[in-house]
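# Remarks on the overall topology
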Amino acid sequence: MKKWEKVTIDPAARQLLPKAQADGVETVWDRYEAQQPQCGFGQLGLCCRNCVQGPCRINPFGEPQKGICGATADVIVARNLVRSVAGGAASHADHAYDAVEALYLAAAGEIPYEIKDEVKLAAVAGKLGVQTEGKEKGQLAREVAELAFGDFANHTRAPMRWLTATAPAERVEIWEKLGILPRNPDREIREAIHQTTMGMDADPVNLLLAAAKLGLTDGYGGLHLATDIQDILFGTPMPVETEANMGVLKEDHVNIVVHGHVPLLSEKVVEWAKKLEDEARAAGAAGIQVSGICCTGNEVLMRHGVPAAGNYLSQELAIVTGAVDAMVVDVQCIMPSLANVAACYHTKIVTTMPIVKLPGADHVPFTLATADNDAEKIVRIALEAYRRRDPAKVAIPQVKSKMWGGFSVEAIVGALKAVNDEDPLKPLVDNIANGNILGAVATVGCNNVKVVQDRTHVELVKALIKENVLVVTTGCSAHALAKAGLMTPEAAINYAGPGLRAVLTAVGEAAGLGGPLPPVLHMGSCVDNSRVADLVSALAAYLMVPVKDLPVAASAPELQHEKALSIGTWAVALGIFTHLGVVPPVLGSAQVVKLLTADLEGLVGGKFYVETDPHKAAEGIITHLKDQRRKLGL
Ligand code: BF8
Ligand code: SF4
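Reading the values: the criteria
- Residues numbered from 1 in each chain as written.
- Chains lettered and ligands numbered in written order.
- Predicted model: local features only at pLDDT ≥ 70, side-chain atom pairs only at ≥ 80, totals over all residues.
- Heavy atoms only, no water.
- Domains from an automatic or database assignment.
- Contact = heavy atoms within 4.5 Å.
- Buried area = accessible area lost by both parts, 1.4 Å probe.
- Salt bridge = Lys/Arg side-chain N within 4 Å of Asp/Glu carboxyl O.
- Helix = DSSP H or I, 4+ residues; strand = E, 2+ residues; numbered from the N terminus.
- 1 Å grid on protein atoms, 1.4 Å probe; cavity = no way out; pocket = protein on both sides within 12 Å on 5 of 7 lines; lining within 4 Å.
- Points joined across faces, edges and corners; volume = space filled by probe spheres on them.
- Nonpolar A, V, L, I, M, F, W, Y, C, P; charged D, E, K, R; others polar.
- Near = heavy atom within 4 Å.
- Polar contact = N/O pair within 3.5 Å; in protein donor to acceptor, adjacent residues only side chain to side chain.
- Sits in = over half its atoms within 2 Å of the grid points.
- Buried < 20%, exposed > 50% of the residue type's maximum accessible area, 1.4 Å probe, protein only.
- Donors = N, O, S within 2.8 Å, 3.2 Å for Na, K, Ca; no water.
- Tetrahedral: all angles 85-135°; square planar, octahedral: opposite > 155°, others 65-115°.
- Core = buried A, V, L, I, M, F, W, Y, C linked by side-chain atoms within 4.5 Å.
- Pairing = 2+ DSSP bridges.
- Axes fitted to C-alpha atoms, helices over the stretch in contact; angles between N-to-C directions.

Turning our attention to the domain arrangement of the protein. Domain parsing of the protein yields domain 1 (73-234), domain 2 (246-393) and domain 3 (407-631). Here the C-alpha centre of domain 3 lies 24 Å away from the C-alpha centre of domain 1. Taken residue by residue, the interface counts 40 residues in domain 1 and 34 residues in domain 3. Between domain 1 and domain 3, roughly 2,900 Å² of surface is buried when both sides are summed, and carbon and sulfur atoms account for 67% of that area. Lys120 is the partner of Glu410 in a salt bridge, and the nearest nitrogen-oxygen pair spans 2.9 Å. Contributing elements (two or more residues each) for the side of domain 1 that touches domain 3: helix H5 (73-107), helix H6 (118-127), helix H9 (169-178) and helix H11 (204-234).

With the rule as written, the count across this model stands at 7 cavities of 30 Å³ or more. The calculated volume of the largest cavity comes to roughly 450 Å³. Lining of the largest cavity is provided by 41 residues; of these, Ala442, Val444, Asn529, Val532 and Ala554 occupy positions nearest its centre. Those elements that provide at least two residues to the lining of the largest cavity are helix H14 (294-304), helix H19 (425-433), strand S11 (439-443), strand S12 (469-474), helix H24 (529-543), strand S14 (552-556) and helix H25 (562-573). Partitioned by chemical class, the residues of the lining of the largest cavity number 31 nonpolar, 9 polar and 1 charged. Split by domain, the lining of the largest cavity shows at least three residues from each of two domains, domain 2 (246-393) and domain 3 (407-631). Approximately 140 Å³ is the volume found for the second largest cavity. Around the second largest cavity, the lining comprises 15 residues; the ones closest to its centre are Ile412, Leu428, Leu470, Leu517 and Leu521. Residue assignment for the lining of the second largest cavity shows that the elements contributing at least two residues are helix H18 (409-417), S12 and helix H23 (498-510). The biggest single contributor to the lining of the second largest cavity is H23, with 4 residues.

For the rest of this paragraph, the subject is the site of ligand 1. Around ligand 1, the surrounding shell consists of His261, Cys294, Cys295, Tyr312, Cys333, Gly445, Cys446, Cys476, Cys526, Gln560, His561 and Lys563. At 2.7 Å from an oxygen atom of ligand 1 is found a side-chain nitrogen or oxygen belonging to His261. Note that an oxygen atom of ligand 1 is positioned 3.1 Å from one of the side-chain N or O atoms of Lys563. When atom positions are compared with the pocket grids, ligand 1 is found to occupy the largest cavity. Considered class by class, the residues forming the shell around ligand 1 number 7 nonpolar, 4 polar and 1 charged. Residue-level mapping places the shell around ligand 1 at the junction of two domains, with at least three residues from each of domain 2 (246-393) and domain 3 (407-631).

Time to look at the side chain of Asp454. As for its placement among the helices and strands, Asp454 is situated in the loop between S11 and helix H20 (455-466). On the accessibility criterion, Asp454 (2% relative accessible area) is buried. Within polar-contact distance, the side chain of Asp454 engages the side chain of Lys483 at 2.8 Å. Look past the residues within four positions of Asp454 in its chain and what remains in contact with it is Ile9, Asp10, Asn311, Asn447, Ala480, Lys483 and Glu558.

Octahedral six-donor coordination of a metal ideally yields angles of 90 or 180 degrees, compared with 109.5 degrees for tetrahedral four-donor coordination. Donation to the nickel atom of ligand 1 from the protein comes from one atom only, Cys526 (SG), at 2.2 Å. Because the angles between the 4 donor atoms bound to the nickel atom of ligand 1 fall within 91 to 162°, the donor set is best described as irregular.

This part covers unusual backbone geometry. Following Gln36, the chain continues into Pro37 via a peptide bond in cis, with omega recorded as -10°. As for its placement among the helices and strands, Pro37 is situated in the loop between helix H3 (28-34) and helix H4 (40-44). Note that the residue after Glu63, namely Pro64, is joined by a cis bond; omega there is -5°. For Pro64, the location among the structural elements is in the loop between strand S2 (56-57) and H5. A positive phi angle is found at Gln332, which is not glycine, with a value near 70°. Within the secondary structure, Gln332 sits in the loop between strand S7 (326-329) and helix H16 (338-342). One non-glycine residue, Met544, lies in positive phi territory at about 55°. Its location among the elements puts Met544 in the loop between H24 and S14.

Attention now moves to the nonpolar core. Core analysis: the largest hydrophobic core is formed by 224 residues, its most contacted members being Trp175 and Ile288. Here the element with the most residues in this core is H5; it accounts for 18 residues. Non-local contacts of Ile288, meaning those with residues more than four positions away in its chain, are made with His253, Val254, Ile256, Ala273, Leu276, Glu277, Ala280, Val379 and Leu383.

A few words on the side chain of Gln315. In this structure, Gln315 sits in helix H15 (residues 315-320). A polar side-chain atom of Gln315 sits 2.9 Å from the main-chain amide nitrogen of Met335. Once you skip the residues sitting within four places of it in the chain, Gln315 turns out to touch His259, Ile293, Met327, Cys333, Ile334, Met335 and Leu338.

Empty space within the largest pocket amounts to approximately 640 Å³. Gln38, Asn448, Lys450, Gln560 and His561 are, among the 20 residues lining the largest pocket, the residues nearest its centre. Elements represented by at least two residues in the lining of the largest pocket include exactly H3 and H25. Broken down by element, the residue count for the lining of the largest pocket peaks at 3 residues, all from H3. In terms of residue class, the lining of the largest pocket is made up of 11 nonpolar, 6 polar and 3 charged.

On to the sheet that holds S11. Strand order in this open sheet of 6 strands is S13-S12-S11-S14-S15-S16, and the pairing throughout is parallel. Every interior strand has two partners, whereas the edge strands, strand S13 (520-524) and strand S16 (608-610), have only one. For this sheet the average axis-to-axis angle between neighbouring strands, irrespective of direction, equals 25°. In this structure, S12 lies alongside S13, joined through 4 bridges in parallel fashion. Across the sheet, residue Thr474 finds its bridge partner in S13, namely Gly524.

The following block contains the structure:
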């Protein structure tokens, strides 16, 4: 086996890795190798640096068994986990806050953004209990934005409005009993950092409840809030056909890659790339091709069909094609190495946010008020760089897969309405009940350099759909599955089990897609895991059973980010069986492991299931789905 085949199953990445080596570019895989062996204490979660008396390390095989202050392995592991989950929740809450600010200013007409989706605006307002009648959209949007700001400013003991408005009532009741209802994202994140500093909480159970509260903080104060507001501003996604993988870059075009997470910037870049097409032609290019990496890529894919260049582990390799003129980044999952990689080519890296600067990159300070000017400037940076592109360094792998994206809950319900206009969920539920569909699984989250890129995502999902499991997906998992060709009607024919295939064909044809729905439905970016939760909540409400009793599961096959830990914690708190394909740093505490993988189930109905082998994981998930069916009497 060649070296490249050991690190990725992506054929484009396999072509680009030898080019990176030939061009003298260091990649994430080289740096991973240089880190070996990684620290065993860190891997087990047994290192504490929470005060300056440390670092303290617990020896899993002997002495010492306590840190200098007396903290045990259980305390240190639990505290470290809480801090990671707080990091994830903070990322999404900050993202959501930016979106709320944009909605508020757009409603006031102070920034060059429109409110595109009045139907969603009314739906969100309705859920929040805002009177919608007779109000024009600016006023309604302002009221919704004020309620969102209110959650961030909530100084009462009442839970976040966004949570009580969107979570199933039976869940809210359970969370209230456990004392884990978040009041205000900022307050919960602050409290968690406080709770885990030196000389604070030393009860692992209490610490894990804090983690669960942060999971809910993320789910409602991050994910749900962000998706709702972004849909209001930019439109709720509807099915769209596009392509994925490096072959979407075009040698004769100016190539702009958007990378990061918050669509406030990438939406404008997409708009300005269209507006400046003529200038690109004047510069000798055939046009401007925008493509996406990571979740901001998913955002513009879902709403505009902008093709996907690659997921997290492919970000450096996009530059190695030699054909990227500018890579514009906002926040999260942006490797600090990008500027070094770009230095080997003509590529401009453009940072845009005050909290993300990369030495060696161009910085265009992006603000909502100047968004048009900023995006125009960024597109012009790409046009300028294109003139300096070295054709001798260009090698774009001719690898891409067709795909469908855009499956918001609204889009899925829309497709189901073609089968049953009156009662759209009925065909789905009937087919779950009769066994055509065994259950549903959401695969989410990242790539992680510790495992072969995309392999766990793809092998797990192929095994699941073969057994008639409907798969929905977000984040870098969605990229992996798109690249593998699993988001096409043909994939339903080639990979899905007979029951699932029949349902996908019936729905796809009724909805006028001219073939089956794909067996893997792209529901968006990582914040759009809120869409997954909405779908699951709708199913639970329809069946009048708690979420924890549904034949559903979640999986983060290749997680790396703290955000994946906070989203996973939310899923478990929702009552969902949640698979992790990479072991998080908790094995140093038997008590914490037991809480996460067993005891939590008694409290919230969900638990973590850790299995690194994709085939065994598929078996474990299928066993869970069958158990759930049995308990429901199916
Ligand atoms: O928010 S899946 S590597 S890009 S963290 Fe990052 Fe993970 Fe990708 Fe999207 Ni989500
Ligand atoms: Fe060591 Fe305790 Fe300080 Fe952690 S908080 S570094 S365990 S003394």
